[in-house]
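Here's the letter readout for the chains.
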Amino acid sequence: MDFQLSEDQRALRAGIRDLLAGRFDRDRMRAAHEGGGGVDRALWRELGAAGFFALRLPEAEGGVGLGLPESVLLFEEVGRALLPGPLAATQLAAGAVKGAAEGEAVVALAEAGRPVGHLEGADALLVLDGDRTRVLSGGVLRQVVDGARPVRSLDPGTPLWRVPDLSGREGEPLADGVRLRREGALLTAAEQLGSSSRSLEAAVQHAGEREQFGTPIGAFQAVKHLCAGMLVRAEPARSAVYAAAVTGDPVEVAGAKLLADEAAVGNARDCLQVHGGMGFTWEADVHLRLKRAWLRAGQWVTTADAEEALAADLG
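Residues numbered from 1 in each chain as written. Predicted model: local features only at pLDDT ≥ 70, side-chain atom pairs only at ≥ 80, totals over all residues. Heavy atoms only, no water.

Novice: Mind laying out helix α8 (residues 221–247), listing which residues take part and the relevant values?
Specialist: With 27 residues, α8 should reach 39 Å at 1.5 Å per residue; the first-to-last C-alpha distance of 39 Å fits that figure. Among all positions in α8, only Val223, Cys227, Met230, Ala234, Ala237, Arg238, Ala240, Val241, Ala244 and Ala245 are buried. Those residues of α8 that are buried are in contact with α4 (68–81), α7 (177–209) and α9 (250–275). In the segment just after α8, Gly248 is the residue with positive phi, at about 70°. (Helix = DSSP H or I, 4+ residues; strand = E, 2+ residues; numbered from the N terminus. Expected span 1.5 Å × (residues − 1). Buried < 20%, exposed > 50% of the residue type's maximum accessible area, 1.4 Å probe, protein only. Contact = heavy atoms within 4.5 Å.)

Put into structure tokens, the structure is as follows:
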């Protein structure tokens, strides 16, 4: 069996990378984070026009008709770019929420007991409550927003709100909530994978440019070990994420999320170490990737959830 990317898949990945490079370069990324995060509606619509949110909808329903492996490739790229917004929830709800497939609607994610990101500008709310999954919109959503209160967010690109108990809020039920949670976890793992790869690239670039004692710091063994360790984290995570996208197996998805979370957080930490004192400053991008990685690690499937699933599979 050939697991190499096809030409169409490579073209798909290159297309979204080019779109993000043109519409969400470093200056715009920094402006988004310094402006308090939130969703860029114009860029959201451009993603919709490019088929990002409708990628997995059948062609008969106006979608692209592709599968989970292709979605993973796109989410890897938005993870590299550090694009803010509830991307996974919006794609997963594209067939149920009017305008989501076209990028006209933003669908936020609500998980029991956890703050909700990007609530204020959301057009719908995807609620995960155990195996029960539903979408809140309209007047019910406005009531939730009115009762929510902002809380301090670790990630400057993800504004958070604490919402009241949603168990009594009725909405449009969605079938197969277990599958939705599993696929959301895998798409988030792909974002973590993209982030880990970008951290590795940034560390290697800095190690080649920064000099001490008349030589690039990348020549020093301690820095080499850090960069090598980052590669060792990223590549097994890539294999796990790609394999889980093909099989869709719940245990493999749990393993992929676990490895991708570890790679994203660990690589951002080591990238910060390679940058030295400047890595701690606001002007560097390293801390933004670390904070986003911490936040994503607690979404859809947590480390504890993934470890429990893997342990249960061992019997």
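Text resumes after the structure shown.
Novice: So what's going on with the packing of helix α2 (residues 26–34) against helix α10 (residues 286–297)? Which residues, and what values?
Specialist: Running from amino to carboxyl end, α2 crosses α10 at an angle of 60°, the nearest separation of the two axes being 12 Å. The orientation of α2 with respect to α10, classified from their angle, is oblique. Crossing of α2 against α10: the hand is left-handed. Mapping the contact onto sequence places Met29, Arg30 and His33 in α2 and His287, Leu288 and Arg292 in α10. For the contact of α2 with α10, the residue count by class is two nonpolar, two polar and two charged. (Axes fitted to C-alpha atoms, helices over the stretch in contact; angles between N-to-C directions. Parallel < 35°, antiparallel > 145°, perpendicular 65-115°, else oblique. Left-handed = near helix turned anticlockwise from the far one by under 90°. Nonpolar A, V, L, I, M, F, W, Y, C, P; charged D, E, K, R; others polar.)

Novice: Any details on helix α1 (residues 7–23)? Residues and values, ideally.
Specialist: The end-to-end C-alpha separation of α1 is 24 Å, in line with the 24 Å expected for 17 residues at 1.5 Å each. Every buried residue of α1 is accounted for by Gln9, Ile16, Leu19 and Leu20. The buried residues of α1 occupy one face: seen down the axis, they fall within an arc of 95°. Structural note: α1 exposes Glu7, Asp18 and Ala21 on the side pointing more than 90 degrees away from its buried face. On its buried face, α1 sits against α3 (41–49) and α4. (Arc of directions from axis to C-beta.)

Novice: Explain the pattern of salt bridges to me, and be specific about the residues and the numbers.
Specialist: Overall, the coordinates contain 22 salt bridges when judged by the stated rule. Asp285 serves as the salt-bridge partner of Arg26, at 2.7 Å between the closest nitrogen and oxygen. Taken together, the residues span a long stretch of sequence, with Arg26 in helix α2 and Asp285 in the loop between α9 and α10 at a distance of 259 residues. When salt bridges that share partners are traced, they join Arg17, Glu77, Arg80, Arg198 and Glu201 into one network. (Salt bridge = Lys/Arg side-chain N within 4 Å of Asp/Glu carboxyl O.)

Novice: Please provide a residue-by-residue account of the packing of aromatic side chains, values included.
Specialist: In total, this model carries three aromatic pairs according to the counting rule given. Considering the side-chain rings of Phe52 and Phe53, the 5.1 Å spacing of their centres and the 85° angle between planes classify their relative orientation as edge-to-face. You can call Phe52 buried: its relative accessible area is 1%. A network of ring pairs unites the aromatic residues Trp44, Phe52, Phe53 and Phe75 as a single cluster. (Phe/Tyr/Trp six-rings, centres within 6.5 Å; stacked < 30°, edge-to-face > 60°.)

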